[in-house]
Amino acid sequence: SCIQMRGIGDDYRHLADKERGMILPYKEATTITRKNVYKINAEDLKQALQNYPKAFVYVFTQGCASEFCLPLSVYEGYAKKMGYKVFFVITSYKDLDLALLEPISEPLYVIDSDYYKHKLFRKYVEYFENELKGKDKKAKVETYESLHFFENGVYKNSYYTLPK
């Protein structure tokens, strides 16, 4: 029998052709729309964040059942209410089809594991989040917050839950 090991790497090879056609490198995108998913690294995202006085990045794994993982629409509603731009960054291509069904208007981004030259899920996600926070990408990760807040592109703080 054939067993599929999923969730160890970025799971790109498990995508259907239709989904693969939706993945665009962020740098090559002329317009950002909800119809595509943009492959991005932390450096490019930090540049994009400079365009917004208040923004946050939600780094998430589709299908997460933790109390800290809420539907994307909750984060989008918070962003609208509090005057933030939100960036949704999915950690891998696993269950991308389900993420695409989320009733949100903001586009999805996916971590570019190729940029980090590491296919192991935990490693490239740590590299991405460290770099996003302005740390050395290989710094030891002590905490695993998934909400990262910025003001004019400058990293401010990370949280497990939306601040009141």
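Residues numbered from 1 in each chain as written. Predicted model: local features only at pLDDT ≥ 70, side-chain atom pairs only at ≥ 80, totals over all residues. Heavy atoms only, no water.

A.B. asks: Sorry, what's going on with the environment of lysine 54 here?
C.D. replies: Along the chain, the position of lysine 54 falls in strand E3 (residues 54-60). For lysine 54, a relative accessible area of 32% puts it in the partly exposed group. Remark: the alpha-carbon pair of lysine 54 and glutamate 76, spanning 22 residues in sequence, is separated by 13 Å. Apart from the residues lying within four places of it in its own chain, the contact partners of lysine 54 are Met82, Gly83, Tyr84, Lys85 and Phe150. (Helix = DSSP H or I, 4+ residues; strand = E, 2+ residues; numbered from the N terminus. Buried < 20%, exposed > 50% of the residue type's maximum accessible area, 1.4 Å probe, protein only. Contact = heavy atoms within 4.5 Å.)

A.B. asks: In this structure, what is going on with the sheet that holds strand E6 (residues 147-151)? I would like to understand it.
C.D. replies: Within a sheet, neighbouring strands are paired by backbone hydrogen bonds and run either parallel or antiparallel to one another. The strand order across the open sheet built from seven strands is E1-E2-E5-E4-E3-E6-E7, with neighbouring strands paired in mixed fashion. Two strands in the sheet have a free side with no partner beyond their single neighbour: strand E1 (23-25) and strand E7 (154-159). Ignoring which end each strand starts from, the neighbouring axes of this sheet average 30 degrees apart. One ladder, built from three bridges, connects E1 with strand E2 (residues 37-40); its direction is parallel. Bridged to isoleucine 23 within E2 is valine 37. In the packing of helix H3 (residues 72-82) onto the sheet, the strands contacted are E3, strand E4 (85-90), strand E5 (108-111) and E6, and the crossing angle to E3 comes to about 170 degrees. (Pairing = 2+ DSSP bridges. Axes fitted to C-alpha atoms, helices over the stretch in contact; angles between N-to-C directions.)

A.B. asks: In this structure, what is going on with the nonpolar core? I would like to understand it.
C.D. replies: Generally speaking, a soluble globular protein has its nonpolar side chains buried in company with each other. Among the nonpolar cores identified, the biggest contains 24 residues, and Phe56, Phe88, Leu96 and Leu108 are the most heavily contacted of them. Elements that contribute at least two residues to this core include exactly E3, H3, E4, helix H4 (96-100), E5 and E6. When near neighbours in sequence (up to four residues on either side) are disregarded, phenylalanine 88 contacts Tyr58, Phe60, Leu72, Tyr75, Glu76, Ile104, Glu106, Pro107, Leu108 and Tyr109. Counting residues in each nonpolar core, the second largest holds 21 residues, with Ala29, Leu45, Tyr124 and Phe128 among its members. (Core = buried A, V, L, I, M, F, W, Y, C linked by side-chain atoms within 4.5 Å.)

A.B. asks: How should the environment of phenylalanine 60 be read in this particular structure?
C.D. replies: Structurally, phenylalanine 60 can be placed in strand E3. Exposure remark for phenylalanine 60: the relative accessible area of 5% places this residue in the buried category. Here the alpha-carbon distance between phenylalanine 60 and lysine 140, two residues 80 residues apart in the chain, equals 20 Å. Ignoring sequence-local partners within four residues, the contact set of phenylalanine 60 consists of Leu72, Phe88, Val89, Ile90, Thr91 and Leu108.

A.B. asks: For this particular structure, what's the right way to read unusual backbone geometry?
C.D. replies: With glycine set apart, most residues show a phi of negative sign, and most peptide bonds adopt trans. A positive phi angle, close to 65 degrees, is found at aspartate 11, a residue other than glycine. Inspection of the secondary structure assignment puts aspartate 11 in the segment before helix H1 (17-20). Judged by its relative accessible area of 2%, aspartate 11 falls in the buried class. Unusually for a residue other than glycine, asparagine 152 sits at a positive phi of about 50 degrees. Assignment of secondary structure puts asparagine 152 in the loop between E6 and E7.

Any link to function would need more than the numbers given here.
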